[in-house]
Amino acid sequence: MKLGEIKTEAMLLMFPDVNLTCAKEKWEDTSYEATSYDSAGASESDLENESSELLLALSSDSNYLPYINGMAGAINRCFSYLESHFLIPYKKAELKDGKAMGNKISFELPDDVFCVGRVAFSGDGVYVGNVGFEHIGAKTVIVPRMRSDGVYTVIYTPYLERIKRTTSDFYEIPLPEPVASMIPYFIKGDLFVNDDANEAMEARSIFENCISVFANCGKEYSDSVEETYSMGSLQ
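A.B. asks: How do you make sense of the overall build of the protein when you look at a structure like this?
C.D. replies: When its secondary structure is counted, the protein shows nine helices and nine strands. Going through the 235 residues of the protein one by one, you find that 39% of them count as buried. Of the contacts made within the protein by residues no fewer than 6 positions apart, 74% connect residues no fewer than 24 positions apart. Total accessible area on the protein stands at roughly 13200 Å², and carbon and sulfur atoms take up 50% of it.

A.B. asks: Is there a simple way to explain the sheet that holds strand 2 (residues 99–101) in this structure?
C.D. replies: Sheet strands pair via backbone hydrogen bonds, and the direction of the pair is either parallel or antiparallel. In space, the four strands of this open sheet follow the order 2-3-7-6, with antiparallel pairing throughout. Only two strands of the sheet have a single partner each, and these edge strands are strand 2 and strand 6 (134–136). Each strand axis lies, on average, 30° off the axis of its neighbour in the sheet, ignoring direction. The sheet contact formed by strand 6 and strand 7 (residues 140–144) spans three bridges and is antiparallel. Note on strand 7: the bridge partner recorded for Ile136 is Thr140.

A.B. asks: For this particular structure, what's the right way to read the pattern of salt bridges?
C.D. replies: Where charged atoms from two side chains of opposite charge come close, those side chains can pair. Following the criterion strictly, the structure yields eight salt bridges and no others. The partner of Arg77 in a salt bridge is Asp190, with the nearest N and O atoms 2.6 Å apart. Placement of Arg77 in helix 6 (residues 65–84) and of Asp190 in helix 8 (residues 183–191) is noted, with a sequence separation of 113 residues between them. According to the relative accessible area criterion, Asp190 is partly exposed, its value standing at 24%.

A.B. asks: Before we go on, may I ask you to explain the nonpolar core in this structure?
C.D. replies: Soluble globular proteins: nonpolar side chains tend toward being buried together. Ranked by internal contacts, the top residues of the largest apolar core, which has 36 residues, are Leu82, Leu175 and Ile187. Put simply, the parts of the chain that give this core at least two residues each are helix 1 (3–14), helix 6, helix 7 (177–180), helix 8 and helix 9 (197–216). No other element matches the 10 residues that helix 6 contributes to this core. Residues contacting Leu82, with those up to four places away along its chain left out, are Leu87, Ile88, Leu175, Val179, Phe207 and Ile211.

What counts as what
- Residues numbered from 1 in each chain as written.
- Predicted model: local features only at pLDDT ≥ 70, side-chain atom pairs only at ≥ 80, totals over all residues.
- Heavy atoms only, no water.
- Helix = DSSP H or I, 4+ residues; strand = E, 2+ residues; numbered from the N terminus.
- Buried < 20%, exposed > 50% of the residue type's maximum accessible area, 1.4 Å probe, protein only.
- Contact = heavy atoms within 4.5 Å.
- Areas by Shrake-Rupley, 256 points an atom, 1.4 Å probe, with all protein chains shown as cover.
- Pairing = 2+ DSSP bridges.
- Axes fitted to C-alpha atoms, helices over the stretch in contact; angles between N-to-C directions.
- Salt bridge = Lys/Arg side-chain N within 4 Å of Asp/Glu carboxyl O.
- Core = buried A, V, L, I, M, F, W, Y, C linked by side-chain atoms within 4.5 Å.

In structure tokens, the structure reads:
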């Protein structure tokens, strides 16, 4: 879901009767961004200015400008909420350059790690899907040294890159569609509280209820798994 779509839906939730100019076909035209870049004399700032036309009717109106300006902060606060509820798609990375610590090994984690979900080990006919680990500080994980050589892989929740007021409306939010589509409710709950506290509270309730459902059905792993196999068992 694109950033401009989220802004548009949030404005329509707050002001359902507003005369919003929104060129829907631009959102659906995947070649639009490339075409804009390829145009003679076009620059990245040109593209951002053109994409901002989708919300021009509101951002040029002093009655709505504070809401448009407040959206980046609201969306970033929503990102923090989603991170804390582990609704960001998992990432995987091979752990490399480990440092021996007796019968354990320490690894530096990727820079974008928010929370380690689990560590897996694979090698020499052994797969352990959930290796016990110690999280030291923000960037180090310690795992037991396995009896055989192999590869450790960390499965983790990453940080979401924060947006700015100048971020293009065509920026694709890196979230599953069902989760991204709930962000406008968070925005309304965050920005509309001084206008109508009851509507803001209702929007926040809708957001939190849906997020709770998503969180409960999104468990990737539940228990420790270890499997030992041989080449013969794979035939």
